[in-house]
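# Coordinates in review
The residues making up each chain are set out below.
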Amino acid sequence: MKNLKLLTVFTLLVLGSISLSAQDFGVVSIEEIFRDLPAKKSADATLEALVEQHQTKIQEKQQALQAIETEVQTKTEGKSQAEIQAMMGELEAMQQQYLSLQQDLVNYQQAAAREVNEREEALYAPIDQTVKNSVDKVAAAKGLKYVMEKSMLIYSNGLDITAEVKKDLGIK
């Protein structure tokens, strides 16, 4: 019995010392902020243009490969084994050209993916930092100790600072 009373007192002390009030806790919708942020829209457009540029070049390289396939098929269609054997030097050269173009395509795709990832990081890192700084500024002004992403919570009794952050960032 004495142990139960001691445990109860200890539990109440611990819970009392770590309890959070609604005033300590805030929420923010980063998704909403990013959706309306002009710098994010601009970064999206820049990145989309880069992706489209690479997609066009990839399609051109794929069409070059398709052209070689079609040419080989046209040259060998309806030919006897002996006629194909006579063209073997030309067909091997076309095969080498095809393999070279195929490797070029793979290398280009990898380089393009790296460039897009690096560009994405370069474009979005400053935007992310600007939003984080604004959230920090608004949270400090409101006296909040903790701010959570609104979409991560099932229920929140905390202060929603999304509108204030948008205002601080100049978002209408």
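The following refers to the structure shown. Along each chain, numbering runs from 1 in the same order as the chain's sequence is written. At least 70 in pLDDT is required for a residue's local features to be given in this predicted model, at least 80 for side-chain atom pairs to be given and counted, and no such filter applies to totals for whole chains, interfaces and linings, which use all residues. The side-chain numbers reported here are obtained from all heavy atoms of the structure, hydrogens and water having been left aside.

### Quick word on the overall build of the protein
Inclusion rule: Secondary structure elements follow DSSP: runs of H or I no shorter than four residues count as helices, runs of E no shorter than two count as strands, and numbering proceeds from the N terminus. Only protein chains enter the accessibility calculation, which uses a 1.4 Å probe; a residue is then buried when its area is under 20% of its type maximum, exposed when over 50%, and partly exposed in between. Every residue pair with non-hydrogen atoms within 4.5 Å of one another is taken to be in contact.
Looking only at helices and strands, the protein features 6 helices and 3 strands. Taken from N to C terminus, the helices and strands of the protein fall in the order α-β-α-α-α-α-β-β-α. Burial status across the protein gives 23% buried among its 172 residues. Partitioning the contacts of the protein with sequence separation of at least 6, the portion at a separation of at least 24 is 83%.

### A look at the pairing of strand β1 (residues 25-28)
Threshold: A pair of strands is considered paired only if DSSP assigns at least 2 bridges between the two.
Of the two faces of β1, both are covered, the one formed by Phe 25 and Val 27 as well as the one formed by Gly 26 and Val 28. One ladder, built from 4 bridges, connects β1 with strand β2 (residues 146-149); its direction is parallel. Each bridged residue has a counterpart across the sheet, and for Phe 25 the counterpart in β2 is Tyr 146. Alignment of β1 against strand β3 (residues 159-160), held across 2 bridges, turns out to be parallel. Across the sheet, Val 27 pairs through a bridge with Asp 160, a residue of β3.

### Section: the nonpolar core
Note the following rule: What is meant by a nonpolar core is a set of buried Ala, Val, Leu, Ile, Met, Phe, Trp, Tyr and Cys residues, joined one to another through side-chain atoms within 4.5 Å.
The biggest cluster of nonpolar side chains holds 18 residues, and the ones touching the most others in it are Ile 161 and Val 165. For this core, the secondary structure elements donating two or more residues are α2 (30-36), α3 (38-76) and α5 (88-142). By residue number, the principal contributor to this core is α5, which donates 7 residues. Beyond its immediate stretch of four places on either side in the chain, Val 165 contacts Val 28, Ile 33, Ser 134, Val 135 and Val 138.

### Quick word on the side chain of Glu 149
Keep this limit in mind: We score Asp and Glu as negative and Lys and Arg as positive, and we do not count His or the chain ends. We define a salt bridge as a side-chain nitrogen of Lys or Arg found within 4 Å of a carboxyl oxygen belonging to Asp or Glu. Throughout this description, a polar contact denotes any pair of N or O atoms lying within 3.5 Å of each other; where both atoms belong to protein, one of them has to be capable of donating a hydrogen while the other can accept it, and for residues adjacent in sequence the pair is counted only when both atoms sit in side chains.
One can find Glu 149 in strand β2. One buried charge, Glu 149, has no salt-bridge partner; the nearest side chain with opposite charge is Lys 150, at 8.5 Å. At 3.1 Å, the side chain of Glu 149 and the side chain of Ser 151 are in polar contact. When sequence neighbours within four positions are dropped, the list of residues in contact with Glu 149 reads Val 28, Ser 29, Ile 30 and Glu 31.

### Regarding α3
To keep it simple, the criterion reads: Each residue after the first adds 1.5 Å to the expected span of a helix.
Compared with the 57 Å implied by 1.5 Å per residue over 39 residues, the 57 Å span of α3 between its first and last C-alpha is a close match. Buried within α3 we find Ala 43, Leu 47, Leu 50, His 54, Ile 58, Leu 65 and Ile 68.

### Structural notes on the packing of aromatic side chains
Defined as follows: Each Phe, Tyr or Trp ring, with Trp reduced to its six-membered ring, pairs with another whose centre is within 6.5 Å; inter-plane angles below 30 degrees give stacked pairs, above 60 give edge-to-face pairs, and intermediate values give tilted ones. Should the NZ of a Lys or the CZ of an Arg lie within 6 Å of a ring centre and within 35 degrees of the ring normal, that charge is described as sitting over the ring.
The final tally for this structure, using the stated rule, is 0 aromatic pairs. Directly above the aromatic system of Tyr 108 lies the positively charged group of Lys 61, at a separation of 5.4 Å from the ring centroid.

### Some remarks on the sheet that holds β1
Strand pairing within a sheet occurs via backbone hydrogen bonds; the two strands may be parallel or antiparallel. Ordered by their spatial adjacency, 3 strands build an open sheet running β2-β1-β3, and the pairing between neighbours is parallel. Each edge of the open sheet carries a strand with a single partner, namely β2 and β3.

### Quick look at the pattern of salt bridges
For the structure shown, the criterion picks out 11 salt bridges. For Asp 168, the salt bridge goes to Lys 137, with nearest N and O atoms at 2.9 Å. Taken together, the positions of Asp 168 in helix α6 (residues 162-168) and Lys 137 in helix α5 put the pair 31 residues apart, joining distant regions of the chain. Relative accessible area serves as the criterion here: at 32%, Asp 168 is assigned to the partly exposed category. Taken together, the salt bridges that share partners define one network made up of Glu 32, Arg 35, Asp 36 and Lys 166.

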